[in-house]
Each structure stands twice: as C-alpha cells, then as structure tokens.
Amino acid sequence: MQNRWAETKFDSDIDEVVYGSRLIGSDPDLVLHGGGNTSVKTTERDHAGRIISVLRVKNSGSNLGTIDSRGFTGIRMDDALAAAKIDKMTDEAMVDYLKKSMVNPSEPSPSVETFLHAFLPYKFVMHSHADAILSITNTDLPSDQIAKILGNVVVLPYIPPGFTLAKEVMNCFKKGIDGIVLRKHGLLTFGDTGKEAYDRHINIVSRAENFIREKTDGKFFKEEIPAVEYKKIAEYIPVIRGAVSKKKKKILYIDTSDEASRIARTEKTREMCSYGPATPDMLIRTKYDFLYLDDPSKAGEYIEKFASKYAEEYAEYVKDFAMHDPYPAVMVIRGFGIITAGTSYREAKIIDDLAIHSFRVNANAEQISRHEFISKREAYAMEYWPLEEAKLKKTTHKFLLGSIGLVTGAASGIGLEAMKKLAENECTVIGCDIDPSITDRCREVEEQYGVRAIPFVVDLSSESQILDMFGQFVREVGGLDILFNNAGILKSSKIVETSVEDLDRHYAIIGRASFITSREAMKIMISQGIGGNIVYNISKNLTHPGPEMVSYGSAKAFAAQVCHYVAKEGGRYGIRANIINPDKIFRGSKIWENGVLEARAKAKGQTVEEYVTGNLLRREVLPSHVANMLLAMVNEDIFGATTDAMVPVDGGIL
C-alpha cells in the first residue's frame, strides 16, 4: 500500500487530522463511503475563555474522504477520561454522556467510537476497515498468529462498537505497540503526530497485503459458468424490482463489470452468498445473506423465500424493534452479474460497492484459511443496534423515495417544473426531450436535489427511439412508477389551411407517442406488480376547443382516449391513469414561442395580457400549478382511489 503523506507543516491540529483523514478516507481499500473514524486531542478556549483539553473526533454522518474541520465534534477530555472509571454503560447512556460532554451542543453527534479514541493515550488516532486486515481477521486463524503476520500489534476478538469495546481497547493497550487489530472490524493506529499514526496504519496494512499475495493467486473468481447476456434477463428486471419493492420502493443498480461478471460466473459464489459482508457495520445496508439467483424466471419466488427466511430469523433474534424491510439488498444473477437494491440510485450503488468488497475480502479469507464471520445472533444485534434504530426513527423522507418517474418534454415549461417537483420529493427522474439541453437540465436537477436524473434526447415521433429509451433506463434503474405524458407541439392554423403533414406531426408527437409510452410503461408496471401512475397533459382544448387548433386539439383528444383505455385495462393491476387539463401555461413553454402566443391572442381579439389572465380568477396559471397537481395525482393518500379522471388547472374557463 502506497504511503501518500506529503505535507509536513500545518497551521493547526485540526488541519493535520483533516489531511490524514482524507488520505485514509479517499482510499477504497481502507474506507468505503464515509466509514472509519479519526480524532485529535488538542486544546481550545471555551465559552468562559479558559484553555481546556478537547478531543475532536469525527462526527456521525461525516465522510472521511471529503471531511473538513466541521466534520469533527469537540468533547471535553476531562469528561471523556472520567468515563474510564465507569465499569459498564449502555449504548443509550453512552450517547447521553457524550451529549453532555460536548463543547458545543449544537454540533453533530460524535462517533459512537468516541471513548475508544479518548482512552488511547496518543494525540492522533486513526481507525479504518481495511480490506487486507479484514481478509485475515475474517478467518479461523488464532489471534496470536494474526499478530505475527501483522507485526507489533494487539489483536482483540470481535466486540460490537460502543463503550465495552472502548474499555477493552483501553485495557489491552501496551506502550510501544503500533496498532490494535479488531477482528471482523478493522484497524486502530495512533501517534503523537498525524503522520506517525498514518505511517503505522499504512505499514500494518502493507504487511497484510504482502501476506495475502503470498497466500493467494488473485484468481479465486473464475469464469466457470457460461456468460449470460443482458437481453436474456432483461424481461425479468422489472419483476425483480417489483419483488424487492413490496415493502418500500427500490432503485436497482445492475453491475456487469468484469469483476461482478467473474463473481457471478464462479461456482463457489453460491456458497459465499451466505458468508456475510466484510464488516458488521455493512449489515444495515447489505443484510447478512445475499440472494443467489440461478433462474431469473423464478425471481419472484426466490425473493419471497428470502424474505420469509429473514422474517423467521428476525423473530428468533430480535425482540424490541419493528422488522426492517425483509427483501434482499444484494442479488447475484448466475452467469450475469450483481444487482443491488436501495431506496435511491446512490444507495443502490453504495450497496454494490460494499458487496464487491465483501466478495474480495471473503475470497481472500477462504484462501488464507477458512472464512469465519460473526454469528447470526450477533449480526441481528448489529443490524438492530439501538443507536441505529434511534437514528432511523429521526430520519424522514419525502413520499416518492424509491420511485422512478419519466417526464416527456422535460427540458422546459411544465415538463421541467414537473421533473423538479418529482426530484424534490426524492423521486429518481428520467427526462426526455428533443432539445439537447435536457442533458444540462438533468444535471442541474441532480445537483440541486441529490437524486439520479437521467437525460434522453428523443424524437417522440420515432417508435424505435422511444423503445430504446425505455430499454436503457430499465437497464439503469430497474423499472418505472410514474409516467407524465407532457410533450407536445403547437402550430395554430385554420382547418382550410391545415396540411396533412402538420396534422400527422401533431398526432405523432402528442397522440401516437402517448400511446407508445403508455403501452411500454404498462408492460413494466404489470411486471413489477406494485401499481403505477400514468398522467396525461391534455389541456383545456379537449373540453373547450378553440378555433384554429384542429391539429393540436385532435391529437390531444386521441391521447385523452388512450388515457381512458389505460384506466380501464390498468385498474386490475393497480395502475391509475388520469388527465390534467391546463390552459395558457406560458412561462418557460417553447410551444408558445415564435409568435404563437401573439397569434392566439389576436385570434381571440385580445391583448397578450388579456389572453394570459383570461380566466375566472384573472390570474396567470403557472407551470408549478400543473406540477403540483401531478404530485397530488401520484400521491396515494390524495388520489389513491381516483382513476380515469380529468382535473382542470386553468384558473376557471370564462
């Protein structure tokens, strides 16, 4: 392992611990997705102007790879060291003690490993979950043998995080050692400088890596099973998504990288799916068992069996907390790759990362000796850890978490506002438009709302382009829950001046495209078996047609009729279909550009201002009004018993 420490001078202790933390946190072989923790003991001036000793320790939720000074919470060292005289402390009591010991109560909660850092008599402490260390400790090798492999270290048996572990670390500490190895958990190093703690960390992990290289050939995962192409399992992807979404909706991440493929093409992987993850802290995301799926056509059956087994184990090992989602988070598809499920795209991708690293660690452990992990009882105690349960209770999410929504005509106007409103409510969004700027709009949505926003530049008059889009986004996120048929064009003309070409173009984009997208969405939703929503932007032209709009109005009428049939045929599957009838939505809308707005006002004998506010409320109707109606329609608590309905958003027709 490369030692990357380069800096030698720092303006403060905090700058030094931030620098070292980022070095560890940015190396995926040491830390994954914000795991691990670091600390520094320093002095500060308190609120009364006194100089006091303070432990600055990584706080809960900070990411070591990107951490800055705000990522460290201050604990009064006098309070922390006083706790060393306490024999026992429950997790709840520990949290309360630490909260009362904070220098600034408004800072985030400190790491649950705070006492562990406080009790070690060094200025800097670093803790990681290095793959190489876990590869050796997740075996049946005796602790004294592990110590010989890793050098000047003390090896502790597995102890769950918290006060008990901190006391054991304090009691086992011997002056002159370079580190403490926590079996099935990770590595602790320390020093009077950040560099000393970091150097010790890198040296011990490097010893582990050298030992692994001697004992393994790096070819544990072999291509023993014939490769399965995506097209052979494509039809089962929505089935898988629906099956794992019975309790709460999930996004799928489909990994067919070389490494994932090799794992899926190795016979031993079936057995390894019951080995557990690399570290107990992963259990909350990955569960103990992974699902091995050797027949995708039976995905629903396999997934339900997995959930039933989980429920049985939960009943045996857990007493005080409600059962978590029992469905698998990690699925190995024989010969194909790995599919992970999370409530967001980011979460599903993190779970995939954890799974890949777990397979690496467990493969090494299997070659070094015999793989050995914590028991199922210990695993459920960790998954249902009271501190994590308390955190989960405080976590709130918007109602579309885990949902996937497709908006057509999403680059501007109503479509863009609809995409933003869905994303704001934690929906993974797919935006399509013929305008290439849809790529920029989706990137902006991702940056603003923190959800996956997938852009497609599509000509909706092309069935093949629509089908390609559906195939691609299912491959990327697994399915679909919401379709908003919003795209349209508008060319105003008198009947006697309307060409067949103009009529066909309106029909192709507004009418036929709505049929194709609805048909493909229904296929996915029926396969998922968890219902769905298809909403149509039809406009008031359906019920109150205006002059010189025959192409536009007729195409909208066709789309409305499609909606009625979707409602009739989709109801039995929990698929609801409804219509929004907006009128005169001008802001950000491209269909009213190039003189169309002025022409329509003139046709009505009005000024533009009169035309824009020409409704009972005498107010402009905005894209946000329509987008909020869309949100209401897809909300089961509001429109859950409504289908085949039309709702005007028009200010009231005069």
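Just so you know, these numbers come straight off a predicted model, no measurement behind them.

(A) Spatial organisation of the overall build of the protein. Counting its secondary structure elements, the protein contains 25 helices and 18 strands. Seen through its C-alpha atoms, the protein measures out along the principal axes to roughly 95 × 65 × 45 Å. By residue count, 57% of the 654 residues in the protein fall in the buried class. In the protein, the share of contacts with a sequence separation of at least 24, taken over all contacts with a separation of at least 6, comes to 73%. For the protein, the computed accessible surface area is about 27600 Å², with 49% contributed by carbon and sulfur atoms. Each charge class in the protein can be summarised by its mean position, and for the 82 positive and 89 negative side chains these summaries are 1 Å apart.

(B) Just the environment of Phe 515, in detail. Relative to the helices and strands, Phe 515 resides in helix 20 (residues 500–528). Accessibility expressed as a relative area gives 36% for Phe 515, which makes it partly exposed. Placed 441 residues apart in sequence, Phe 515 and Gly 74 show a C-alpha to C-alpha distance of 60 Å. Dropping the residues within four chain positions of it, Phe 515 is found in contact with Phe 558 and Val 562.

(C) Seen up close, the UniProt feature "binding site: Zn(2+)" (unreviewed entry) in the protein. Mapped onto the present numbering, the UniProt feature "binding site: Zn(2+)" (unreviewed entry) falls on Glu 113, His 127, His 129 and His 185. Maximum C-alpha separation among the annotated residues is 13.4 Å over a sequence range of 73 residues, consistent with a single clustered spot. If you trace the backbone, Glu 113 turns up in the loop between helix 3 (91–100) and helix 4 (114–119). Since its relative accessible area comes to 5%, Glu 113 is described here as buried. Setting aside its immediate chain neighbours within four residues, Glu 113 contacts Asn 37, His 127, Pro 161, Gly 162, Leu 165 and His 185. Turning to its location among the elements, His 129 is positioned in the loop between strand 4 (124–128) and helix 5 (131–137). By relative accessible area, His 129 is classed as buried at 15%. Residues in contact with His 129, not counting those within four places in the same chain, are Leu 30, Gly 36, Leu 134, His 185, Gly 186, Thr 279 and Asp 281.

(D) The sheet that holds strand 11 (residues 337–342), seen in detail. Strand order in the open sheet formed by four strands is 8-11-10-9, and the pairing between neighbours is mixed. Both edges of this open sheet fall to strand 8 (251–255) and strand 9 (291–293), since each of them pairs with a single strand only. Direction aside, the axes of adjacent strands within the sheet are offset by 20° on average. Two strands pair when backbone bridges link them, and strand 8 and strand 11 are joined in this way by five bridges, in the antiparallel orientation. By the bridge assignment, Ile 254 is partnered in strand 11 with Ile 339.

Criteria and cut-off values
Residues numbered from 1 in each chain as written. Predicted model: local features only at pLDDT ≥ 70, side-chain atom pairs only at ≥ 80, totals over all residues. Heavy atoms only, no water. Helix = DSSP H or I, 4+ residues; strand = E, 2+ residues; numbered from the N terminus. Buried < 20%, exposed > 50% of the residue type's maximum accessible area, 1.4 Å probe, protein only. Contact = heavy atoms within 4.5 Å. Areas by Shrake-Rupley, 256 points an atom, 1.4 Å probe, with all protein chains shown as cover. Lys, Arg positive; Asp, Glu negative; His and termini not counted. Charge placed at Lys NZ, Arg CZ, Asp CG, Glu CD. UniProt positions renumbered as here; feature names shortened; annotations may be inferred. Pairing = 2+ DSSP bridges. Axes fitted to C-alpha atoms, helices over the stretch in contact; angles between N-to-C directions.

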